[in-house]
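# Architecture at a glance
Residues per chain, in single letters:
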Amino acid sequence: MSLRADSARVRTRMLTAARDRIAAGDLELPMNAIAKEAGVGVGTMYRHFATREALLESLAEESYRALVDEAKKAAENPDVAEGLTNLLRAGLRSQLTDAALAKVLAAPTFECTETLVLSKELGRVSLQVIERARQAGVLRPDVTPDDVRRLTCGVQYAVRSGGDQDEAADRYLDIMLKGLKA
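Given the structure is predicted, the values throughout are model-derived calculations rather than measurements. (Residues numbered from 1 in each chain as written. Predicted model: local features only at pLDDT ≥ 70, side-chain atom pairs only at ≥ 80, totals over all residues. Heavy atoms only, no water.)

### Considerations on the packing of helix α8 (residues 145–160) against helix α9 (residues 165–180)
Remark: α8 packs on α9, axes separated minimally by 9 Å, with the N-to-C direction vectors making an angle of 150°. With respect to each other, α8 and α9 are oriented roughly antiparallel. You can see that α8 and α9 cross each other, and the crossing is right-handed. Of α9, the residues touching α8 (which contributes L151, T152, V155, A158, V159 and R160) are Q165, A168, A169, Y172, M176 and L180. When the residues that make up the contact of α8 with α9 are grouped by side-chain class, the tally is nine nonpolar, two polar and one charged. (Axes fitted to C-alpha atoms, helices over the stretch in contact; angles between N-to-C directions. Helix = DSSP H or I, 4+ residues; strand = E, 2+ residues; numbered from the N terminus. Parallel < 35°, antiparallel > 145°, perpendicular 65-115°, else oblique. Left-handed = near helix turned anticlockwise from the far one by under 90°. Contact = heavy atoms within 4.5 Å. Nonpolar A, V, L, I, M, F, W, Y, C, P; charged D, E, K, R; others polar.)

### Concerning the confidence of the model for the protein
Here the protein shows a mean pLDDT of 94. Residues at 70 or above account for 98%. Mean pLDDT values over the elements of the protein span from 92, in helix α1 (residues 5–23), up to 97, in helix α4 (residues 52–76). (pLDDT = per-residue confidence, 0-100.)

### Description of the pattern of salt bridges
The tally for this structure, following the rule as stated, stands at 15 salt bridges. In this structure, D164 engages R171 in a salt bridge whose closest nitrogen and oxygen atoms are separated by 3.5 Å. With a relative accessible area of 32%, D164 lands in the partly exposed category. The partly exposed category is assigned to R171, whose relative accessible area is 34%. Between K178 and D174 there is a salt bridge, with the nearest N and O atoms lying 3.1 Å from each other. Taken as a pair, K178 and D174 lie in helix α9 at a separation of four residues, close to a single helical turn. One salt-bridge network, held together by shared partners, links R21, D26 and E37. (Salt bridge = Lys/Arg side-chain N within 4 Å of Asp/Glu carboxyl O. Buried < 20%, exposed > 50% of the residue type's maximum accessible area, 1.4 Å probe, protein only.)

Shown next as structure tokens:
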């Protein structure tokens, strides 16, 4: 369903205020404060985003779509090992650049239909990459798409816990890949 122009502008202001909070390190997303910063009433906030989780998922949607696109590229890569590495690297990098996506990917359930659709698509495409890697002897046979999701979420957390993010991301990704090899 398409929003009226004025409603779309209000939604954009609320999302901008929420993104500013996340950029400042606040992932709690207090709806009252975001509404105030966006210049709207809290009722308007809740009409657009029924819960904080729905707001978070809306914030992460663009990055989630980009991650699905990266997974599709990985699935089409003729070099199976490189495709797997690219999938894991994209998953990690997207979480490091978008804290909202990192939180959404770590969540066990979703509020928004769009997020559920993206999750299923990412799982489907990731399974293609994983199946190809298993068949090529590049990946352990017991690894699942959910394992990959959880591991990249964990590596993302580990990378954020230190002051050397770029160096740590590459090092930890390498460690994870070695652990996943057949």
